[in-house]
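# Fold and geometry: a report
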Amino acid sequence: MSIDILAFGAHPDDVECAAAGVILKTISRQGKVVIADLTKGELGSFGDEHTRNKEAAEASKKLGLFAREQLNLMDGNIENTHENRLKVIEIIRKYQPKIILANAVFDRHSDHKKAADLIREASFLSGLRKIETYHQGKAQHKWRSRAVYNYIQDYFIKPDVVVDISDFFNQKTEVIKAYETQFLTAADPSAVGILNLLKQIESTNQIFGRAIGVKYAEGFTCERYIGTKDLMDLI
Ligand SMILES: [Zn+2]
């Protein structure tokens, strides 16, 4: 099995808020995308496990995901341990993604940076043959994706690459609204919370879009160089 994008998020809704546009665009071109949530977001003040699972399933449906995985790490305490790296490597090798998306390298929630570190290391180690992992009892093959791109969420970070998502911005906001308990109902019955969040996401996507002359774009950082076969392909 080989998919286009494997997107990791520390909490359900991280990926949707920061990179749903790129995911929708990829799927609209028959691409396959999987989201892997590191935790269930159990420390969140609103919603319980049942409602959060339901919301993540609804968002997955709206996105058209190939699959969604839950790694069951501890919310508020994501650690870059050998055991956790093996869990991440197992998912990478299971889906063999062309590219990997991960949390922002620096952000308001401390889990986000920790998740970024964990995913970066696991993505590299996944390419080493002598690191053994098993899926359903079967030894897995090594797999190295082309690149890990870190999306940009709460804190503003200057992106290394921005992607035009103008045609998918409205759909992206509908996907984010699937997370009712987090942004819409219990969190704020007046719905100001969701409106503020959507406004903030819209502003960020507009700022990134303006730089390349489009209405909306999502931004990403990358540790290695961004490569292209032709400079003319870049906008
Ligand atoms: Zn988060």
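These figures come from a predicted structure and were not determined experimentally.

## A few points about the pairing of strand β9 (residues 217–222)
Each regular strand displays side chains that alternate between the two surfaces of the sheet. Burial analysis of β9 places six of its six residues in the buried class, which makes it a mostly covered element. The side-chain alternation of β9 yields two buried faces, one formed by Ala 217, Gly 219 and Thr 221 and the other by Glu 218, Phe 220 and Cys 222. For strand β7 (residues 147–151) and β9, the ladder comprises three bridges, and the chain directions are antiparallel. Across the sheet, the residue bridging to Tyr 151 is Phe 220, located in β9. As judged from the four bridges shared by strand β8 (residues 161–164) and β9, these two strands associate in the antiparallel manner. Bridge pairing in β9 places Val 162 opposite Gly 219.

## A few points about the pairing of β7
Counting buried residues in β7 gives five out of five residues, a clear majority hidden from the surface. Of the two faces of β7, both are covered, the one formed by Ala 147, Tyr 149 and Tyr 151 as well as the one formed by Val 148 and Asn 150. The sheet contact formed by strand β4 (residues 99–102) and β7 spans four bridges and is parallel. The residue bridging Leu 101 from the neighbouring strand is Tyr 149, located in β7.

## As for the coordination of the zinc ion
Around the zinc ion, the protein contributes the donor atoms His 11 (ND1), Asp 14 (OD), Asp 14 (OD) and His 112 (NE2), at 2.1 to 2.6 Å from the metal centre. Geometry at the zinc ion is irregular, judged from the four donor atoms that bind it and their angles of 53 to 126 degrees at the metal. Counting gaps between the donor residues of the zinc ion yields the pattern H-x2-D-x97-H. Of the two residues, Asp 14 is situated in helix α1 (residues 14–28) and His 112 in helix α4 (residues 110–125); the sequence distance between them amounts to 98 residues. Among the residues examined, Asp 14 registers a relative accessible area of 2% and is labelled buried.

## A closer look at the packing of aromatic side chains
Tallied over the full model, the rule gives three aromatic pairs. Relative to Phe 208, the ring of Phe 156 has its centre 5.6 Å away and its plane inclined at 40 degrees; by these criteria the two rings are tilted. Placement of Phe 156 in the loop between β7 and β8 and of Phe 208 in helix α7 (residues 192–210) is noted, with a sequence separation of 52 residues between them. Residue Phe 208 is classed as buried on the basis of its relative accessible area of 3%. Their ring planes at 15 degrees and their centres at 4.0 Å tell us that Phe 169 and Tyr 216 sit as a pair that is stacked. In this pair, Phe 169 sits in helix α5 (residues 169–176) while Tyr 216 sits in the loop between α7 and β9, placing the two residues 47 residues apart along the sequence. With relative accessibility at 7%, the residue Tyr 216 sits in the buried group.

## Examining the nonpolar core
Membership of the largest hydrophobic core comes to 36 residues, with the highest contact counts inside it found for Ile 23, Leu 63 and Leu 101. In contact with Ile 23, other than residues within four places in its own chain, are Ala 7, Val 15, Val 33, Ile 35, Leu 63 and Leu 65. Core analysis: the second largest hydrophobic core is formed by 24 residues, Leu 6, Leu 38, Ile 119 and Ala 122 among them.

Rules behind the numbers
- Residues numbered from 1 in each chain as written.
- Predicted model: local features only at pLDDT ≥ 70, side-chain atom pairs only at ≥ 80, totals over all residues.
- Heavy atoms only, no water.
- Buried < 20%, exposed > 50% of the residue type's maximum accessible area, 1.4 Å probe, protein only.
- Helix = DSSP H or I, 4+ residues; strand = E, 2+ residues; numbered from the N terminus.
- Pairing = 2+ DSSP bridges.
- Donors = N, O, S within 2.8 Å, 3.2 Å for Na, K, Ca; no water.
- Tetrahedral: all angles 85-135°; square planar, octahedral: opposite > 155°, others 65-115°.
- Phe/Tyr/Trp six-rings, centres within 6.5 Å; stacked < 30°, edge-to-face > 60°.
- Core = buried A, V, L, I, M, F, W, Y, C linked by side-chain atoms within 4.5 Å.
- Contact = heavy atoms within 4.5 Å.

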